[in-house]
Amino acid sequence: MTDHRIAPDLVAAHNQSRAASQAADYQALGEHLSRRGIDIETVTRKVSAFHVAVPSWGVGTGGTRFARFPGIGEPRGIFDKLADCAVINELTRATPGVSLHIPWDKADPAELLAAAEAYGLHFDAMNSNTFSDAEGQALSYKFGSLSHADAGTRAQAVEHNLDCIEIGHAIGSKALTVWVGDGSNFPGQSHFTRSFERYLASMGDIYAALPDDWRLFSEHKMYEPAFYSTVVQDWGTSYLIASTLGPKAQCLVDLGHHAPNVNIEMIVARLTQFGKLGGFHFNDSKYGDDDLDAGSVDPYRLFLVFNELVDAEHHGIKDFDPAHMIDQSHNVTDPIESLISSANEIRRAYAQALLVDREALDGYQDDNDALMASDTLKRAFRTDVETILAEARRRDGGAIDPIGAYRASGYRKRIGAERPAARAGGGGIV
């Protein structure tokens, strides 16, 4: 029996007041799409089956390097986080997976499993943390972790990742994501080649410990906290890592971890082509790794990424199974509302990509008809698919208007009364 954080009766009543409009809008869009040779029911079923994991850390208020301003009802630990994650899934029916970050979320695996099962959740990829020092840690990661010049520090970082695998294996996870802040802030501070060699050797030790049915995701980032050079700085380096380690190693693409104007959708196509696309951290950015809500700045780019993913599905790429997760920092919004919004925007991009006329697009591309090829994509992107998203949610027991239902529930005020107010913190994104 599922432990509901939002009363099902409230969701049902909220939906009932919108049922007539939803039915009319859905029918109208269905008729429009039918004239384009598209079956709305097929699209709705695919949208319903598309899920994206939420990050445990995402339900807390984020911050910048300068300040953090905690919100009302901040989660006190992993079990409060799971409760908040359950709210998002109850309203969207799009986020049954939760991705944990160790050591932030370390707890007894049996208790984690029991809590997840009670909320109707499961655990997605594990995330290790060797980019900051944990309480009681013997050796510091100030000057690196998996690539550190000191063998003892590298061994400690490897052991931490092995601990993540052990916890993940106990709770049903099937992947480990490794991101490190290793690099340098001054020219000459680090030897580029030796640092990368040490990193590869450390990752090799982690790879050797993977269960047979697990994947290891290498995540790159252009800069920060190492501003002069970063050991895993771009998708090419990530591809070298995954290729060196073996078939269970793949690349994870965070949409904010690229230089401005980089063609992310082409990176997605390249990694797909060579079987090394492991998955995504969805967010949006304006200047750098801003970790903004997905689709908040450049929804067309998000659509173009999904155009590549749907194209791979359409052409039956072998063993194509990318993981999907949100990775955001919520500084000025209610984190639950932002994650609800992002889950819906990600599904929106997927639904729009499903509307692309693939046969026509292939023809225009082969004929070098640039204008019509571009217009074919834009026609799908311009289509308002909100009623498809709402129908998928409604049929699966979610809310037609999830943020409206969330606000009507008074959940934030309720947990604010239950959880002690957090004190304002210093810098730090989490």
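Residues numbered from 1 in each chain as written. Predicted model: local features only at pLDDT ≥ 70, side-chain atom pairs only at ≥ 80, totals over all residues. Heavy atoms only, no water.

Regarding the overall build of the chain
For step 1, the next point in the chain: Each helix and strand in the chain was counted, giving 16 helices and 12 strands.
For step 2, the next point in the chain: Scaling as 2.2 N^0.38, a compact globule of 430 residues should have a C-alpha radius of gyration of about 22 Å, and the chain matches this with 22 Å.
For step 3, the next point in the chain: Seen along its three principal axes, the alpha-carbon backbone of the chain occupies a region of about 65 × 60 × 40 Å.
For step 4, the next point in the chain: The 430 residues of the chain split such that 53% are buried.
For step 5, the next point in the chain: In the structure as shown, the chain presents an accessible area of about 19,300 Å², 53% of it carried by carbon and sulfur atoms.
For step 6, the next point in the chain: Taking the average location of the 40 positive side-chain charges in the chain and that of its 59 negative ones, the two points are 3 Å from each other. (Helix = DSSP H or I, 4+ residues; strand = E, 2+ residues; numbered from the N terminus. Rg over C-alpha atoms; globule rule 2.2 N^0.38 Å. Buried < 20%, exposed > 50% of the residue type's maximum accessible area, 1.4 Å probe, protein only. Areas by Shrake-Rupley, 256 points an atom, 1.4 Å probe, with all protein chains shown as cover. Lys, Arg positive; Asp, Glu negative; His and termini not counted. Charge placed at Lys NZ, Arg CZ, Asp CG, Glu CD.)

Considerations on the packing of helix H2 (residues 19–35) against helix H3 (residues 40–49)
For step 1, the next point in the chain: Where H2 contacts H3, the two axes come as close as 9 Å, and the packing angle between them is 115 degrees. Here H2 contributes Tyr26, Leu29, Gly30 and Leu33 to the contact with H3, which in turn contributes Ile40, Glu41 and Thr44.
For step 2, the next point in the chain: Considering only residue class, the contact of H2 with H3 consists of four nonpolar, two polar and one charged. (Axes fitted to C-alpha atoms, helices over the stretch in contact; angles between N-to-C directions. Contact = heavy atoms within 4.5 Å. Nonpolar A, V, L, I, M, F, W, Y, C, P; charged D, E, K, R; others polar.)

Side note on the sheet that holds strand E2 (residues 97–99)
For step 1, the next point in the chain: Taken together, three strands build an open sheet; the order of strands is E1-E2-E4 and the sheet is parallel. Edge positions in the sheet fall to strand E1 (54–55) and strand E4 (122–123), since each of these pairs with one other strand and no more.
For step 2, the next point in the chain: Judged from the two bridges that link them, E2 and E4 form a sheet pairing that is parallel. Residue pairing across strands places valine 98 opposite phenylalanine 123, the latter belonging to E4. (Pairing = 2+ DSSP bridges.)

Considerations on the UniProt feature "domain: Xylose isomerase-like TIM barrel" (unreviewed entry) in the chain
For step 1, the next point in the chain: Under the feature "domain: Xylose isomerase-like TIM barrel" (unreviewed entry), the UniProt entry names residues 100–291.
For step 2, the next point in the chain: Here residues 100–291 runs as 36% helix and 17% strand, with 17 Å between its end C-alpha atoms. (UniProt positions renumbered as here; feature names shortened; annotations may be inferred.)

Observations concerning the pairing of strand E12 (residues 323–326)
For step 1, the next point in the chain: Here E12 shows a buried face lined by Ala323 and Met325 and a second buried face lined by His324 and Ile326.
For step 2, the next point in the chain: Where strand E11 (residues 277–282) meets E12, four bridges bridge the pair, whose relative direction is parallel. Counted as the bridge partner of phenylalanine 280 is histidine 324 from E12.
For step 3, the next point in the chain: In the classification by handedness, the crossover that spans E11, the intervening helix H10 (residues 299–314) and the parallel E12 is right-handed. (Right-handed = clockwise from strand over helix to strand, strands pointing away.)

Remarks on the pattern of salt bridges
For step 1, the next point in the chain: Taken as a whole and assessed by the stated rule, the structure comprises 21 salt bridges.
For step 2, the next point in the chain: The partner of arginine 382 in a salt bridge is aspartate 375, with the nearest N and O atoms 3.9 Å apart.
For step 3, the next point in the chain: The class for arginine 382 is exposed, based on a relative accessible area of 58%.
For step 4, the next point in the chain: Between glutamate 391 and arginine 394 there is a salt bridge whose closest N-O contact spans 2.6 Å. Note that glutamate 391 and arginine 394 are positioned in helix H14 (residues 386–395) at a spacing of three residues, about one turn of the helix.
For step 5, the next point in the chain: Classification of glutamate 391 as buried rests on a relative accessible area of 5%.
For step 6, the next point in the chain: Connected through salt bridges with shared partners, the residues Glu41, Glu391, Arg394 and Arg395 form a single ionic network. (Salt bridge = Lys/Arg side-chain N within 4 Å of Asp/Glu carboxyl O.)

Considering the packing of aromatic side chains
For step 1, the next point in the chain: Under the definition given, this model contains 15 aromatic pairs.
For step 2, the next point in the chain: Plain terms: the ring middles of tyrosine 239 and phenylalanine 274 are 6.4 Å apart, the flat faces sit at 70 degrees to each other, and that makes the pair edge-to-face. Taken together, the residues tyrosine 239 in helix H8 (residues 235–245) and phenylalanine 274 in the loop between helix H9 (264–273) and E11 connect sequence positions 35 residues apart.
For step 3, the next point in the chain: We classify tyrosine 239 as partly exposed; its relative accessible area is 28%.
For step 4, the next point in the chain: Ring centres of tyrosine 300 and phenylalanine 303 lie 5.6 Å apart, and the angle between their planes is 25 degrees; this geometry places the pair in the stacked category. Placement of both tyrosine 300 and phenylalanine 303 in helix H10 is noted, with a separation of three residues, approximately one turn of the helix. (Phe/Tyr/Trp six-rings, centres within 6.5 Å; stacked < 30°, edge-to-face > 60°.)

Remarks on the sheet that holds strand E8 (residues 215–219)
For step 1, the next point in the chain: Here we have seven strands laid out as an open sheet, ordered E3-E5-E6-E8-E10-E11-E12, and parallel in their pairing. With partners counted over all chains shown, the strands left at the sheet margins are strand E3 (101–102) and E12, one partner each.
For step 2, the next point in the chain: With two bridges joining them, E3 and strand E5 (residues 126–128) adopt parallel strand pairing. Within the sheet, the bridge partner assigned to isoleucine 102 lies in E5 and is serine 128.
For step 3, the next point in the chain: Docked against the sheet, H8 engages E8 and strand E10 (249–254), running at close to 160 degrees with respect to E10.
For step 4, the next point in the chain: Those strands touched by H9 are E10 and E11, and its axis lies near 155 degrees from that of E11.

Some remarks on the pairing of strand E6 (residues 175–178)
For step 1, the next point in the chain: With burial as the criterion, each face of E6 is covered, one bearing Ala175 and Thr177 and the other bearing Leu176 and Val178.
For step 2, the next point in the chain: Both E5 and E6 contribute to a ladder of two bridges, which runs parallel. Bridge pairing in E6 places methionine 126 opposite leucine 176.
For step 3, the next point in the chain: Of the crossover connections in this fold, the one passing from E5 over helix H6 (residues 151–171) to the parallel E6 is right-handed.
For step 4, the next point in the chain: Pairing analysis gives four bridges linking E6 to E8, with the strands arranged parallel. Each bridged residue has a counterpart across the sheet, and for threonine 177 the counterpart in E8 is phenylalanine 217.

Details of the environment of isoleucine 6
For step 1, the next point in the chain: Inspection of the secondary structure assignment puts isoleucine 6 in the segment before helix H1 (8–16).
For step 2, the next point in the chain: Beyond its immediate chain neighbours, meaning those up to four positions away, isoleucine 6 contacts Val11, Val87, Glu90, Leu91, Ser409 and Tyr411.

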